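Single-letter residue listing:
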Amino acid sequence: MALIKVLDPTAKRMDDNASPGPDAGSLTGKRIGFRLDQIWRCWDWISENWADKFREAGAEVSFWRSTNRSGEEGEEQARSLDAWLKSVDIVISGLANCGSCTGWTIRDAVAAANTGVPTVAVATKNFEDFAHELAARGGRSGLRVHVLPYPLNELSREEVDPVAEAYFEGLLTVMGASLTEKEIAA
Amino acid sequence: MSIHLIKPSNRTTTAPKTLVSRDCGPAGCEVDWLTSKRVEVEDSIEAFTEASVELGWGDGLPLIPPTDARVRTFLSENDRYPDELIARMPDNSECTVEKIVINAVMAGAPAESLELIIAAIEAISEPDFELYGVNATTAPVYPGFIVNGPIRDALRIPYSYGCAGGVSTRANAIGRAIRLIMRNVAGQVAGVTTQTTFGSPGRLGGLILGEWEEKSPWAPLAERRAGLAGNAVTAFSTMGTMNILDTTSSGALAFLEMIGKSVSYAGANCYSPSMEYSEMTIGINPICAEIIAKELATIEDVQEVLWNHAAVPAEWFQKLHRDQLEAQGRVRSDGRVYATPEPKDLVLFVCGGLGGLHALGLHSFGSSLAQTKGIAQAEPAEAQAAE
């Protein structure tokens, strides 16, 4: 059969930063920011648990909650996120536990990483590959992603708390946290 | 906590740019305007369709090979430069006229539809449309389009019987062209860039329908929304098409009560806790519209009546759901949760066959806000050159 040439109908961004960004290093005195949403109560519980541990290790903790992304409220969200990113030294962005929330978790994490602060996105297992795909499409294929089990939000607080405990050490590894003896003791 | 109201933002899409000098006009003199990679395939629709699936270009349905000749012919019937940037998509990929035309050729869309497709892409790339969330979600959502103006008849955009699907018209190819652009440029590929749990037939052929302006007692949708008379397109996100049957009601208030109560149910997108607000688009058939207009003076009156019924008692929700809605300030003093913040957020238009009896519910996604754009008048390059 004869051959013809056809034009490629696809378009993708060409640039990429494959670096995971800087390690979190020592946590003492650092301001650690949690990016929350308003849909996953399990993420509120886990971030509260982890925040307590960071405080015990000598860090400060702040929270920023994602809400509406359109209209005037969307504009205000964008301004608020920019201001918050300037106020923290480390960002933990979650929770990638559905389609659009993975999208915005990763988009905000990429924005954080692009400011140069150590950044980790948190995803549940089912959305791990999707999180990496969106990070690459966002121009940060090396974005750090910490993975929690799935399903998670369907569990009770009593079931989620042990998950928070079990996955904290893994978070520190993904963050590139180098703990001092005092932090380890805490 | 107060109700979150929907107010459009001032954000706009990226300004267009050009890649090369345009001194030579769209014909390009010695310039090869088409910059897309060329791929060699066997010369048959069957072989190309199979190749398109392997290359990640297609949807599995037959496709027309987008050769240089076909793309150039399509372009020559319009006055757009192929390198013109129409929009930046959610992952920052560039949606140029060239990419739009290649996908339109593949879908078999008529060259005369280019300006409509461009206006549709411009609309969904506005920040307030929130395509990023629309693309990524587990929901089945996809952009739908309502067309106003004479272009409806010129392109045979359906607005009467079967307007939401099933009519034999090349408008179906226009809808599919937009879907291919969504797949190949905008990044809505199931299992890759979208996590849609079930998907939707609308993600294959799209949804593009007209407003039956001549049967509408109200001003055309684009005129009401954006002051645009004539050819225009309104893009909205929709979870699919929901039918509302009413063979029994008598009078405007009864019809609107039935529609309002039907579109408002606990699992509707408008009650998702992920966002504090959403819009809702509803198609009203011409017979019902005429009955309604006899009793209610303005479209705002219609929206008000409908809105008052598009609500559910907060107690209908289980505690965990109710807690989230209360935390967002969405439970009103009357103990109900309304589908949209205000009556104006119900996007109403007239369409459908003269059999009446049904309304068309089109639930939106998240805080994605409908966008209306005018459709430019195309002028073939050859005509320009002759001037």
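Refer to the structure above for everything that follows.
Because the structure is a prediction, the values reported are computed rather than measured. (Residues numbered from 1 in each chain as written. Chains lettered and ligands numbered in written order. Predicted model: local features only at pLDDT ≥ 70, side-chain atom pairs only at ≥ 80, totals over all residues. Heavy atoms only, no water.)

Teacher, can you tell me more about the overall build of chain A here?
A tally of regular secondary structure across chain A gives seven helices and six strands. Along the three orthogonal principal directions, the C-alpha set of chain A runs to about 70 × 40 × 35 Å. When burial is assessed residue by residue, chain A has 55% of its 186 residues classed as buried. Long-range pairs, those at least 24 residues apart, make up 76% of the contacts in chain A with a sequence separation of at least 6. Charged side chains of chain A number 20 positive and 28 negative; the gap between the two group centres comes to 5 Å. (Helix = DSSP H or I, 4+ residues; strand = E, 2+ residues; numbered from the N terminus. Buried < 20%, exposed > 50% of the residue type's maximum accessible area, 1.4 Å probe, protein only. Contact = heavy atoms within 4.5 Å. Lys, Arg positive; Asp, Glu negative; His and termini not counted. Charge placed at Lys NZ, Arg CZ, Asp CG, Glu CD.)

How should the nonpolar core be read in this particular structure?
Residue and element names in this part refer to chain B. By size, the foremost hydrophobic cluster in this structure holds 62 residues, and its most contacted members are Ile100, Leu116, Ile117 and Ile121. Ranked by residues supplied to this core, first place goes to helix α7 (residues 171-186) with ten residues. Sequence-distant contacts of Ile121, that is, excluding residues within four places in its chain, are made with Ile86, Ala87, Met89, Cys95, Ile100 and Ile181. Among the nonpolar cores identified, the runner-up in size contains 35 residues, and Ile259, Val302, Val305 and Ala310 belong to it. (Core = buried A, V, L, I, M, F, W, Y, C linked by side-chain atoms within 4.5 Å.)

Would you mind showing me how to read the state of the cysteines here?
Each disulfide consists of a covalent bond between the sulfur atoms of two cysteine residues. Applying the stated rule across the entire model yields one disulfide over all chains. Note on cysteine connectivity: A:Cys98 is disulfide-linked to A:Cys101, with sulfurs 2.3 Å apart. One exposure class covers both A:Cys98 and A:Cys101, and it is buried. A:Cys101 provides the cysteine sulfur closest to A:Cys42, a residue in no disulfide bond, and the two sulfurs are 9.5 Å apart. Counting only cysteine sulfurs, A:Cys98 is the nearest neighbor of B:Cys270, a cysteine outside any disulfide, at a range of 17 Å. (Disulfide = S-S within 2.5 Å.)

Is there a simple way to think about α7(B) in this case?
Two residues of an α-helix separated by three or four positions point the same way, owing to the 3.6 residues in each turn. In this model, α7(B) (16 residues) spans 21 Å end to end at C-alpha, consistent with the 22 Å of a helix rising 1.5 Å per residue. In terms of burial, α7(B) is a largely internal element, 14 of the 16 residues being buried. (Expected span 1.5 Å × (residues − 1).)

What should I look at first to understand the pattern of salt bridges in this one?
If charged atoms from side chains of opposite charge come close, those side chains can pair. Counting across every chain of the model gives 29 salt bridges over all chains. The salt bridge involving A:Asp89 is made with A:Arg31; its shortest N-O contact spans 3.0 Å. One end of the pair, A:Asp89, is in the loop between α2 (71-85) and β4 (90-96); the other, A:Arg31, is in strand β2 (residues 31-36), and 58 residues separate them in sequence. Residue classification places A:Arg31 among the partly exposed positions, given a relative accessible area of 35%. B:Lys344 is the salt-bridge partner of B:Asp345, the closest N and O atoms lying 2.7 Å from each other. Note on B:Lys344: relative accessible area 45%, which makes it partly exposed. A single salt-bridge network, built from bridges that share partners, covers A:Arg35, A:Arg69 and A:Asp108. (Salt bridge = Lys/Arg side-chain N within 4 Å of Asp/Glu carboxyl O.)

Sorry if this is basic, but what is going on with the packing of helix α4 (residues 114-124) of chain B against α7(B) here?
Packed helix pairs are characterised by how far apart their axes lie and by the angle those axes make with each other. All names here are of chain B. Relative orientation of the contacting elements α4 and α7 amounts to 45°, with a least axis distance of 11 Å. Here α4 lies oblique to α7, going by the angle between them. Like other packed secondary-structure pairs, α4 and α7 cross with a definite hand, here right-handed. Contact with α4, carried on its side by Leu116, Ile117, Ala120, Ile121 and Ile124, involves Ile174, Ala177, Ile178, Ile181 and Met182 of α7 and no other residues of that element. In the contact of α4 with α7, the residues fall into ten nonpolar, no polar and no charged. (Axes fitted to C-alpha atoms, helices over the stretch in contact; angles between N-to-C directions. Parallel < 35°, antiparallel > 145°, perpendicular 65-115°, else oblique. Left-handed = near helix turned anticlockwise from the far one by under 90°. Nonpolar A, V, L, I, M, F, W, Y, C, P; charged D, E, K, R; others polar.)

Looking at this structure, I do not really get the packing of helix α2 (residues 68-76) of chain B against helix α3 (residues 97-107) of chain B. What am I missing?
Residues and elements named next belong to chain B. The N-to-C vectors of α2 and α3 enclose an angle of 110°; their axes lie 9 Å apart at closest approach. In terms of their interaxial angle, α2 and α3 are classed as roughly perpendicular. When you trace α2 past α3, the crossing you get is right-handed. Contacts from Arg70, Val71, Phe74 and Leu75 of α2 reach α3 at Val97, Val101, Ile102, Ala104 and Val105.

Is there a simple way to explain the sheet that holds strand β12 (residues 358-363) of chain B in this structure?
All names here are of chain B. Judged by pairing direction, the sheet is mixed, and its four strands sit side by side in the order β7-β12-β8-β11 without closing on themselves. The two strands at the open ends of the sheet, each matched to only one other strand, are β7 (242-245) and β11 (346-350). Taken over all neighbouring pairs, the strand axes of this sheet differ in orientation by 25° on average, direction set aside. Alignment of strand β8 (residues 280-284) against β12, held across five bridges, turns out to be antiparallel. Its bridge partner being in β12, Gly283 is matched across the sheet by Leu360. Sheet strands touched by helix α10 (residues 252-263): β7, β8 and β12. Its angle to β7, the strand with the most contacts, is close to 145°. Set on the sheet, helix α12 (residues 299-309) makes contact with β8 and β11; between it and β11 the angle comes to about 120°. (Pairing = 2+ DSSP bridges.)

What's the story with the interface of chain B and chain A in this structure? I'm lost.
Interface extent is often summarised as the accessible area lost during association of the parts. Opposite the 59 residues of chain B that make contact, chain A presents 36 residues. A buried area of about 4300 Å², summed over both sides, lies between chain B and chain A, and 57% of it is on carbon and sulfur atoms. For the pair chain B and chain A, the interface holds one salt bridge. When the shortest N-O distance is used, the salt bridge between A:Arg137 and B:Asp91 registers 3.3 Å. Taken together, the connections running from chain B to chain A amount to 24 residue pairs in polar contact (both at pLDDT 80 or more). Elements that contribute at least two residues to the side of chain B that touches chain A include exactly β1 (38-42), α2, α3, α5 (131-136), α7 and α13 (319-327) of chain B. (Buried area = accessible area lost by both parts, 1.4 Å probe. Polar contact = N/O pair within 3.5 Å; in protein donor to acceptor, adjacent residues only side chain to side chain.)

Sorry, what's going on with empty space enclosed by the protein here?
Gaps between atoms show up when a probe of the same size as a water molecule is rolled over them. Residues and elements named next belong to chain B. This structure, assessed with the given rule, holds three cavities of 30 Å³ or more. Here the largest cavity is characterised by a volume of approximately 80 Å³. Taken together, Ile3, His4, Glu276, Tyr277, Ser278, Arg330, Arg332, Val337, Tyr338, Ala339, Thr340 and Pro341 form the lining of the largest cavity. Partitioning the lining of the largest cavity into residue classes produces six nonpolar, three polar and three charged. (1 Å grid on protein atoms, 1.4 Å probe; cavity = no way out; pocket = protein on both sides within 12 Å on 5 of 7 lines; lining within 4 Å. Points joined across faces, edges and corners; volume = space filled by probe spheres on them.)

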